[in-house]
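If you want the building blocks of each chain, they are given just below.
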Amino acid sequence: MSIHTPDIKRVTTHIIQEMKIRGEKISCLTAYDYSMAGIVDAAGVELILVGDSASNVMAGHETTLPITIDQMIYHATSVVRAVKRALVVVDLPFGSYQGNSREALNSAIRIMKESGAHAVKLEGGLEIKDSITRILSAGVPVMGHLGLTPQSIYKFGTYTVRARQETEAQKLLEDAKMLEEVGCFSMVLEKIPASLTKKVSESVTIPTIGIGAGQHADGQILVLHDLLGINKAFKPRFLRRYADLNGIMTDAISNYIKDVKGKSFPNEQESY
Ligand code: KIV
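Computed from a predicted structure; not experimentally measured.

**Structural notes on the pattern of salt bridges**
Right, so step 1: Going through the model one piece at a time under the given rule, you end up with nine salt bridges.
Right, so step 2: Between Asp218 and Lys20 there is a salt bridge, with its nearest N and O atoms 2.8 Å apart. Of this pair, Asp218 sits in the loop between strand 7 (208-211) and strand 8 (219-222) while Lys20 sits in helix 1 (residues 13-22), and the two are 198 residues apart along the sequence. We note that Asp218, like Lys20, is buried.
Right, so step 3: The salt bridge involving Asp91 is made with Lys121; its shortest N-O contact spans 2.7 Å.

As structure tokens, this is what we get:
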């Protein structure tokens, strides 16, 4: 399908949807730069999210609110350059789509045109239906995001589990059905009870991608830097660390410093 890499079959939104029908779990991760995205893609995930978590992970902000559309395009462009197979989805940042569907469309079009990504993700339900519908009408695939939506952190006041109460759970279920009805190709469910994830996943035909949402989602996503153990301080219950890169990197850098100070680096073979 790709002009540049004819041997590799690209993952499309249709393939993601067929995976749900087959009962095959969908693996997703975030990436924000060229080097990491190349590794993640080659390892074989189906979907790479250029998340606005770049605001925390890459820029060190406390929340996802400060990241701009230009910064998201910078990250997305770097990721797209590296990726040969995975579907690349990009977060619309805070303030670029809420309350004004025309602005939402312009934001989505900018991201698609300038980065070459394949789809966008928006946080929220009924409140942003007009924005989602308008973006979809331009032929841009949309991924929804319900449950804990970090762009609304100042409304929630905390990052704890969402939709434990029946009224919030009911609204989330209705929002999920709306996302399916208007034509979203999938949705993220963040930090909600596993039983609610099961209910939602059985109630909609589009794939659900969980983070802190239990085993019943059709796929899973984690922030790459969390999975790799780069940030030691972040250890929520849902996170499984697959490596201790913080430790490995610290050891490597300490050894380098030791060799420089001890004058053993560079040696003759490493010189011209
Ligand atoms: O921005 C992000 O990384 C996300 C994931 C946590 C789903 O939205």
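Read on, since the account is not over.
**Overview of the pairing of strand 5 (residues 142-147)**
Right, so step 1: In terms of residue burial, strand 5 counts as a mostly covered element, since six of its six residues are buried.
Right, so step 2: As judged from the two bridges shared by strand 4 (residues 119-121) and strand 5, these two strands associate in the parallel manner. Following the sheet pairing, Val120 is matched in strand 5 by Val142.
Right, so step 3: Each parallel crossover has a hand, and for strand 4 linked through helix 6 (residues 129-137) to strand 5 it is right-handed.

**Points about the UniProt feature "active site" (unreviewed entry) in the protein chain**
Right, so step 1: As annotated in UniProt, the feature "active site" (unreviewed entry) corresponds to Glu190 in the numbering used here.
Right, so step 2: Among the secondary structure elements, Glu190 is positioned in strand 6 (residues 186-190).
Right, so step 3: Beyond its immediate sequence surroundings of up to four residues, Glu190 is in contact with His145, Leu146, Gly147, Leu148, Pro150 and Ile211.

**Focus on the side chain of Arg162**
Right, so step 1: Mapped onto the elements of the fold, Arg162 is located in the loop between helix 7 (153-156) and helix 8 (166-182).
Right, so step 2: In this structure Arg162 touches Gly147, Leu148, Phe156, Glu168, Lys191, Ile192 and Pro193, once residues within four positions along its chain are discounted.

**Details of the packing of aromatic side chains**
Right, so step 1: Taken as a whole and assessed by the stated rule, the structure comprises one aromatic pair.
Right, so step 2: A ring pair is formed by Tyr256 and Phe265, whose centres lie 6.0 Å apart and whose planes are at 65°; its orientation type is edge-to-face.
Right, so step 3: Here Tyr256 falls in the partly exposed class, since its relative accessible area comes to 48%.
Right, so step 4: We note Arg162 situated over the ring of Phe156; from NZ or CZ to the ring centre the distance is 3.8 Å.

**A look at the sheet that holds strand 3 (residues 87-91)**
The pairing of strands in a sheet comes from backbone hydrogen bonds and takes either a parallel or an antiparallel form.
Right, so step 1: The parallel closed barrel is built from eight strands, whose spatial order is 1-2-3-4-5-6-7-8. Across the sheet, the mean angle separating the axes of adjacent strands is 25° when strand polarity is ignored.
Right, so step 2: As paired elements, strand 2 (residues 47-50) and strand 3 share four bridges and run parallel to each other. Residue pairing in the sheet places Val50 in a bridge with Val90 of strand 3.
Right, so step 3: Along the sheet, helix 8 contacts strand 5 and strand 6; its crossing angle with strand 5, the most-contacted strand, is approximately 175°.

**Quick look at the UniProt feature "binding site: 3-methyl-2-oxobutanoate" (unreviewed entry) in the protein chain**
Right, so step 1: As annotated by UniProt and renumbered to match this structure, "binding site: 3-methyl-2-oxobutanoate" (unreviewed entry) occupies Asp52, Ser53, Asp91 and Lys121. Across 70 residues in sequence, these annotated residues keep their C-alpha atoms within 12.5 Å of one another, forming a single compact spot.
Right, so step 2: Topologically, Asp52 is positioned in the loop between strand 2 and helix 3 (54-57).
Right, so step 3: Residue Asp52 is classed as buried on the basis of its relative accessible area of 4%.
Right, so step 4: Those residues in contact with Asp52 that lie beyond four places of it in its chain are Thr64, Ile67, Met72, Asp91, Glu123 and Gln151.

**Structural notes on the pairing of strand 3**
Right, so step 1: In terms of burial, strand 3 is a largely internal element, five of the five residues being buried.
Right, so step 2: Side chains of strand 3 alternate between two faces, with Leu87, Val89 and Asp91 and Val88 and Val90 buried alike.
Right, so step 3: In the sheet, strand 3 pairs with strand 4 via three bridges, with the strands oriented parallel. Of the residues in strand 4, the one forming a bridge with Val89 is Ala119.
Right, so step 4: Taking the sense of rotation as the criterion, the β-α-β connection linking strand 3, helix 5 (residues 101-115) and strand 4 turns out right-handed.

What counts, and where the lines are drawn
- Residues numbered from 1 in each chain as written.
- Predicted model: local features only at pLDDT ≥ 70, side-chain atom pairs only at ≥ 80, totals over all residues.
- Heavy atoms only, no water.
- Salt bridge = Lys/Arg side-chain N within 4 Å of Asp/Glu carboxyl O.
- Helix = DSSP H or I, 4+ residues; strand = E, 2+ residues; numbered from the N terminus.
- Buried < 20%, exposed > 50% of the residue type's maximum accessible area, 1.4 Å probe, protein only.
- Pairing = 2+ DSSP bridges.
- Right-handed = clockwise from strand over helix to strand, strands pointing away.
- UniProt positions renumbered as here; feature names shortened; annotations may be inferred.
- Contact = heavy atoms within 4.5 Å.
- Phe/Tyr/Trp six-rings, centres within 6.5 Å; stacked < 30°, edge-to-face > 60°.
- Lys NZ or Arg CZ within 6 Å of the ring centre and 35° of its normal.
- Axes fitted to C-alpha atoms, helices over the stretch in contact; angles between N-to-C directions.

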